[in-house]
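Residue strings, one per chain:
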Amino acid sequence: MQKIYPDADAALEGLLHDGMTIASGGFGLCGIPELLIDALVKDGAKDLTIASNNCGVDGFGLGKLLDTHQIKKMMSSYVGENDEFMRQYLAEELIIEFNPQGTLAERMRAGGAGIPGFYTKTGVGTIVAEGKEHKDFDGETYILERGIVADIAIVKAWKADATGNCIFRKTARNFNVPAATCGKVCLVEVEEIVETGSLDPDAIHLPGIYVHRLIQGEHEKRIEQRTVRTA
């Protein structure tokens, strides 16, 4: 099975439609699939539901999809660092399903593992628990959270071989692995594609069995907030 595609447009061909659900890796601007996001903007698919820790920053990353009003709903744990994200939410132009950060990661992991739901204490007694099933175990109250299964997953890795085995560099691993596993089709963009068999099997973070389409490209490495001290 040929997994390597020439660019992001080709990798997304035939997969996009209005109203679909997309799981995206990344944390802030670390490990975000920026090339695939740009291709999503170019395609113009709208009314999207995006499951991702946050929504990039103004004018970059997933924030570009906010600028074009292609996102209908965000499933996220963090709204800060993006003024347009906050503006659309407060203006009721955007639906946000808030998730505690660990819960969101586990919902993705559960969806990828074929687990339809799980119980957690996180969020009990808060707005996170509203409308969700409550159940007591050993005298403690838990809420039911559903696993996330997305139409596609878009993630960013450091290296991959031609079969899709991926390595993520340091904190860029973040949400990328659980996001990748919960997509019915997983697309990965990488900085480098290496010869099959050249990666240490013990160093693989995402096995190629989860990866359907793969692209290589140049990436812009931004810093969300540059903090320096005065001399």
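Keep in mind that what you see is a predicted model, and the values were worked out from it rather than measured. (Residues numbered from 1 in each chain as written. Predicted model: local features only at pLDDT ≥ 70, side-chain atom pairs only at ≥ 80, totals over all residues. Heavy atoms only, no water.)

Further remarks concern helix H5 (residues 101–112). Across its 12 residues, H5 extends 17 Å between first and last C-alpha, which sits within 8% of the 16 Å expected from 1.5 Å per residue. Looking at H5, one finds that the buried residues are Thr103, Leu104, Arg107, Met108, Ala110 and Gly111. Around the axis of H5, the buried residues are gathered within 165 degrees of arc, so they sit on the same side. Directly beyond the C-terminal end of H5, a positive phi value near 80 degrees is found at Gly114. (Helix = DSSP H or I, 4+ residues; strand = E, 2+ residues; numbered from the N terminus. Expected span 1.5 Å × (residues − 1). Buried < 20%, exposed > 50% of the residue type's maximum accessible area, 1.4 Å probe, protein only. Arc of directions from axis to C-beta.)

Another aspect to go through is the side chain of Glu34. You can see Glu34 is positioned in helix H2 (residues 34–43). The side chain of Glu34 is buried and forms no salt bridge, while Lys156, the nearest opposite charge, is found at 4.8 Å. In contact with Glu34, not counting residues within four places along its chain, are Phe60, Glu189, His219 and Glu220. (Lys, Arg positive; Asp, Glu negative; His and termini not counted. Salt bridge = Lys/Arg side-chain N within 4 Å of Asp/Glu carboxyl O. Contact = heavy atoms within 4.5 Å.)

Right, let's get into a nonpolar patch on the surface. Where nonpolar side chains cluster on the molecular surface, the patch consists of Met86, Tyr89 and Leu90 and spans about 300 Å² of accessible area. Following the sequence through the fold, Tyr89 ends up in helix H4 (residues 83–90). Exposure remark for Tyr89: the relative accessible area of 34% places this residue in the partly exposed category. (Patch = residues over 30% accessible without salt bridge, like charges linked within 9 Å, V, L, I, M, F, W, Y side chains within 5 Å. Areas by Shrake-Rupley, 256 points an atom, 1.4 Å probe, with all protein chains shown as cover.)

A few words on the pairing of strand E7 (residues 140–146). Two strands pair when backbone bridges link them, and strand E5 (residues 117–120) and E7 are joined in this way by four bridges, in the antiparallel orientation. Paired with Phe118 across the two strands is Glu145, which belongs to E7. Sheet topology places strand E6 (residues 134–137) next to E7; four bridges connect them, and they run antiparallel. Bridged to Phe137 within E7 is Glu140. (Pairing = 2+ DSSP bridges.)

Turning next to the packing of aromatic side chains. Throughout the structure, instances matching the rule amount to three aromatic pairs. Between the aromatic rings of Tyr89 and Phe98, the centroid separation amounts to 5.7 Å while the plane-to-plane angle is 90 degrees, which identifies the pairing as edge-to-face. Ring geometry for Tyr119 against Phe137: centres 5.2 Å apart, planes inclined by 65 degrees, an arrangement best described as edge-to-face. Of this pair, Tyr119 sits in strand E5 while Phe137 sits in strand E6, and the two are 18 residues apart along the sequence. Put simply, the rings of Tyr119, Phe137 and Tyr142 pair up and form one aromatic cluster. If you follow Lys159 out to its NZ or CZ, it ends over the ring of Trp158, 4.6 Å from the centre. (Phe/Tyr/Trp six-rings, centres within 6.5 Å; stacked < 30°, edge-to-face > 60°. Lys NZ or Arg CZ within 6 Å of the ring centre and 35° of its normal.)

On the secondary structure map, Ala157 appears in strand E8 (residues 150–161). As a C-alpha pair, Ala157 and Glu218 span 61 residues in sequence and 12 Å in three-dimensional space. Those residues in contact with Ala157, other than ones at most four positions away along the chain, are Cys166, Ile167, Phe168, Val188, Glu189, Val190 and Glu191.

By size, the foremost hydrophobic cluster in this structure holds 29 residues, and its most contacted members are Leu12, Ile22, Ile71, Phe85, Ile152, Ile154 and Leu187. Among the elements of the structure, helix H1 (8–12), H2, strand E2 (48–51), helix H3 (63–67), strand E3 (71–76), E8 and strand E10 (183–194) are those that each provide at least two residues to this core. For this core, the element with the highest residue contribution is H2, accounting for four residues. Excluding anything up to four places from it in sequence, Leu187 contacts Ala11, Leu12, Leu15, Leu36, Ile152, Ala153, Ile154, Val155 and Arg213. Grouped together as the second largest cluster of nonpolar side chains are 24 residues, Ala51, Ala153, Val177 and Val211 included. (Core = buried A, V, L, I, M, F, W, Y, C linked by side-chain atoms within 4.5 Å.)

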